[in-house]
Amino acid sequence: MADKEYDSIEDLIGDLQNAVDDSLNTEVTQTVKPVMEQAIQNTVYDVYNPKVYIRRGELGNPKNINATVENHELSIENDAPVNFAYDTSQGIGMPLADQVAMGVGYAYMSMPPRDFYKTATDYLESNNLIAAAIADGLIRQGFDADES
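Reading the values: the criteria
Residues numbered from 1 in each chain as written. Predicted model: local features only at pLDDT ≥ 70, side-chain atom pairs only at ≥ 80, totals over all residues. Heavy atoms only, no water. Helix = DSSP H or I, 4+ residues; strand = E, 2+ residues; numbered from the N terminus. Rg over C-alpha atoms; globule rule 2.2 N^0.38 Å. Phe/Tyr/Trp six-rings, centres within 6.5 Å; stacked < 30°, edge-to-face > 60°. Buried < 20%, exposed > 50% of the residue type's maximum accessible area, 1.4 Å probe, protein only. Salt bridge = Lys/Arg side-chain N within 4 Å of Asp/Glu carboxyl O.

Engineer: Mind showing me how you'd approach the overall build of the protein chain here?
Structural biologist: Each helix and strand counted, the protein chain has 4 helices and 2 strands in total. Listing every helix and strand of the protein chain by position from the N terminus yields α-β-β-α-α-α. Taking 2.2 N^0.38 as the reference for a compact globule, 148 residues should give roughly 15 Å; the C-alpha atoms of the protein chain span a radius of gyration of 19 Å, well beyond that estimate. By principal-axis analysis of the C-alpha atoms, the protein chain measures approximately 65 × 30 × 20 Å.

And the structure:
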């Protein structure tokens, strides 16, 4: 924190790690989730109209895009449920998001990978959005930071 003095480097590192975790949980998550939603729209929904099943929209539903922070690392998981009415999983036990991204597990047709994770990651990286969000979070918590 800008005005706080530290007696040890360990105390500074501890506060900084906590602030980074809070930034990951708040600003970075708020940045990543809409990018993920748009990547799903562009990479999955806009490139294919189903003919064999009725699209439920669960993959792009924000309630299925969940963030967790552990050991100073943010993980974004898409927990959209598999549509068992169409037996898409072929018993492989793979989450729907992974099936779509990898193009596997379809019992009724062959599908190419539609890797919305890569689309989202590429967009976030090319626009420096993660660094900017972390910097915003650190500034919110009283640290001096910039996104470079």
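Engineer: So what exactly am I meant to see when it comes to the packing of aromatic side chains here?
Structural biologist: To describe a pair of aromatic rings, you give the distance between the ring centres and the angle between the ring planes. In total, this model carries 1 aromatic pair according to the counting rule given. A ring pair is formed by Phe116 and Tyr117, whose centres lie 4.5 Å apart and whose planes are at 35 degrees; its orientation type is tilted. The exposure class of Phe116 is buried, given its relative accessible area of 0%.

Engineer: Would you explain the pattern of salt bridges in this entry?
Structural biologist: Should their charged atoms come close, side chains of opposite charge can pair. One pass over the structure, following the stated rule, counts 5 salt bridges. A salt bridge links Glu58 to Lys63, with the shortest nitrogen-to-oxygen separation between them at 3.7 Å. By relative accessible area, which is 19% here, Glu58 ends up buried. Across the salt bridge formed by Asp122 and Lys118, the nearest N and O atoms sit 2.7 Å from each other. Residue Asp122 and its partner Lys118 are both found in helix α3 (residues 116-126); the two are separated by 4 residues, about one turn of the helix. Among the charged side chains, a salt-bridge network with shared partners connects Asp22, Glu27 and Arg140.

Engineer: Quick question: what am I supposed to make of the environment of Asn83 here?
Structural biologist: Relative to the helices and strands, Asn83 resides in the loop between β2 (73-78) and α2 (96-102). What makes Asn83 buried here is its relative accessible area of 15%. Sequence spacing of Asn83 and Arg56 is 27 residues, and the spatial spacing of their C-alpha atoms is 8.5 Å.

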